[in-house]
Amino acid sequence: VALHTSLDAASLALQAGGAVSYAYEWKAYVRAVSTTLPSHLDLADTDAVTTTGLNQPNLAVRSGALTAGALYRFELTVTGGPQPAFGAVDVQMNRAPWGGGLSASPATGIAVVTAFVLRALGWTDAVDDLPLRYGFEFERFAGAVITLADVQALPALADITLSEGASGFARVRVLDAYGAETLARTPLVVSPPPVLSCDAMVQLLEKVELAVLTGAGAAANLQSLVLADAFSKQLSACVDEINAGLNSSETSCNRMLAVSATASATAVSTETSRRQSAGTLQAILQHPELQNGAAQADGSAQLAAIAQGAAVDGGADRTTADALVSALGSV
């Protein structure tokens, strides 16, 4: 929040001629229904609260210092002239969306296999702050959060498969038109998958390829990430069987990398899609002993494309960058 003041022409002339020297002091209050109370804000704190302090003509309050939904009154006293002058302005802070919840159906399932539906219902906000948008995530364990889709207008995400997370949480970030957000979460237990038959793994690959062919690039990108996570754990156990079910000129890694490439190309390049693609490649490329030269070259090309897309948008986020570095170290 930035508040700007100005002196009238006569006052400016007196100041310019050295006839007066003005002193400024800001105070902050919180307004309630029937009263105005001194605020907890220390306007002199230029480290955490303001960038200007309380004795300048203008007042700039740092982001995050004010409480969402609160109504503040800022008062300025100017002394040094014939008599003190006063001014005040009220500032209504935006309140983040409220009133809703998040449900996951089912609340327990199996990685790669179970199709989940997430619903964020009952959320509301002031009319001027609409429309709301929803960003769905899966917290596999503390600090390991997978972004499931780009922020969207629909309050639900259906038919998604997830990586394992035995103590996980489904999460939703609910944002208003000004970017104020509320985070809600609900427990979601995703057990490790059974040792899938190699036929089943091939069928899962074909499901991702079908999503690509039908234009569901975002869904295919997420499915690739989930499937790659399972592949990284089971690939070495049945690589020969997988290869036997594929064209003889392909290896299992080639097939998985080809699926990753087409899914990534079909999805719109966003921070979310790049983060998912980088995670997919990180999981696949950590098995160099199962890759031929063509597979490694394909993986390297995909990593370069992700890095280039991130550069166009101003750089990769930390999660994407870490995955890229890890994947490059395996190539």
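From a predicted model like this one, the values you see are computed outputs, not experimental measurements. (Residues numbered from 1 in each chain as written. Predicted model: local features only at pLDDT ≥ 70, side-chain atom pairs only at ≥ 80, totals over all residues. Heavy atoms only, no water.)

Digging into the overall build of the chain
The number of helices and strands found in the chain is seven helices and 15 strands. Taking 20 Å as the expected radius of gyration for a compact globule of 331 residues, we find that the chain reaches 28 Å, considerably beyond that expectation. Oriented by its inertia axes, the alpha-carbon framework of the chain measures out at about 95 × 40 × 30 Å. Here the chain holds 331 residues, and 43% of them are scored as buried. For the chain, contacts bridging at least 24 residues in sequence account for 63% of all contacts bridging at least 6. Surface exposure of the chain reaches about 16400 Å², of which carbon and sulfur atoms provide 55%. Charged side chains in the chain number 17 positive and 30 negative. The centres of these two groups are separated by 6 Å. (Helix = DSSP H or I, 4+ residues; strand = E, 2+ residues; numbered from the N terminus. Rg over C-alpha atoms; globule rule 2.2 N^0.38 Å. Buried < 20%, exposed > 50% of the residue type's maximum accessible area, 1.4 Å probe, protein only. Contact = heavy atoms within 4.5 Å. Areas by Shrake-Rupley, 256 points an atom, 1.4 Å probe, with all protein chains shown as cover. Lys, Arg positive; Asp, Glu negative; His and termini not counted. Charge placed at Lys NZ, Arg CZ, Asp CG, Glu CD.)

So, the packing of aromatic side chains
According to the stated counting rule, one finds one aromatic pair in the structure shown. Aromatic side chains Tyr72 and Phe74 sit 6.0 Å apart centroid to centroid with 20° between the ring planes, which places their arrangement in the stacked category. Comparing Tyr72 with Phe74 shows no difference in burial state: the two are buried. The aromatic ring of Trp98 is capped on one face by Arg95, whose charged end is 4.0 Å from the ring centroid. (Phe/Tyr/Trp six-rings, centres within 6.5 Å; stacked < 30°, edge-to-face > 60°. Lys NZ or Arg CZ within 6 Å of the ring centre and 35° of its normal.)

Some words on the side chain of Arg140
Mapped onto the fold, Arg140 is located in strand 10 (residues 133-141). If we skip the residues at most four places from it in the chain, Arg140 touches Ile146, Ser163, Glu164, Gly165, Ala166, Ser167, Gly168 and Asp229.

Overview of the packing of helix 6 (residues 293-312) against helix 7 (residues 318-330)
With their axes 11 Å apart at the nearest point, helix 6 and helix 7 run at an angle of 155° to one another. By the angle class used here, helix 6 and helix 7 are roughly antiparallel. The two elements helix 6 and helix 7 cross, and the hand of that crossing is left-handed. Of the residues in helix 7, those touching helix 6 at Leu303, Ile306 and Ala307 are Thr320, Leu324, Ala327 and Leu328. (Axes fitted to C-alpha atoms, helices over the stretch in contact; angles between N-to-C directions. Parallel < 35°, antiparallel > 145°, perpendicular 65-115°, else oblique. Left-handed = near helix turned anticlockwise from the far one by under 90°.)

Some details on the nonpolar core
In this structure, Leu118, Phe136, Leu148 and Leu188 are the most contacted members of the largest nonpolar core, which totals 52 residues. Among the elements that take part in this core, helix 3 (residues 217-244) stands out by supplying eight residues, more than any other. Filtering out sequence-adjacent residues up to four positions away, Leu148 remains in contact with Leu118, Phe136, Glu137, Phe138, Leu157, Ile160, Leu162, Leu222 and Gln276. One finds Leu43, Val49, Leu66 and Ala70 within the second-largest nonpolar core, a separate group that totals 21 residues. (Core = buried A, V, L, I, M, F, W, Y, C linked by side-chain atoms within 4.5 Å.)

Observations concerning the confidence of the model for the chain
For the chain, the average pLDDT comes to 85, and 92% of its residues sit at 70 or higher. Low pLDDT, under 50, characterises residues 245-250; the stretch is placed with six contacts to residues that sit more than four places away or in other chains. (pLDDT = per-residue confidence, 0-100.)

Regarding the pattern of salt bridges
Side chains that differ in charge, positive against negative, can pair when their charged atoms come close. This structure, assessed with the given rule, holds twelve salt bridges. Note that Glu139 is salt-bridged to Arg171, the shortest N-O span being 3.4 Å. Remark: Arg171 occurs in strand 13 (residues 169-175) and Glu139 occurs in strand 10; sequence separation between them is 32 residues. The exposure class of Arg171 is buried, given its relative accessible area of 17%. Ionic pairing is found between Asp317 and Arg275, a salt bridge with its closest N-O pair at 3.3 Å. Here Asp317 is found in the loop between helix 6 and helix 7, whereas its partner Arg275 is found in helix 5 (residues 271-285), with 42 residues between them in sequence. Residue class for Asp317 comes out buried when judged on its relative accessible area of 17%. We classify Arg275 as buried; its relative accessible area is 16%. Shared partners join several salt bridges into a network, and the residues in it are Glu137, Glu139, Arg171, Arg173, Glu181 and Arg185. (Salt bridge = Lys/Arg side-chain N within 4 Å of Asp/Glu carboxyl O.)

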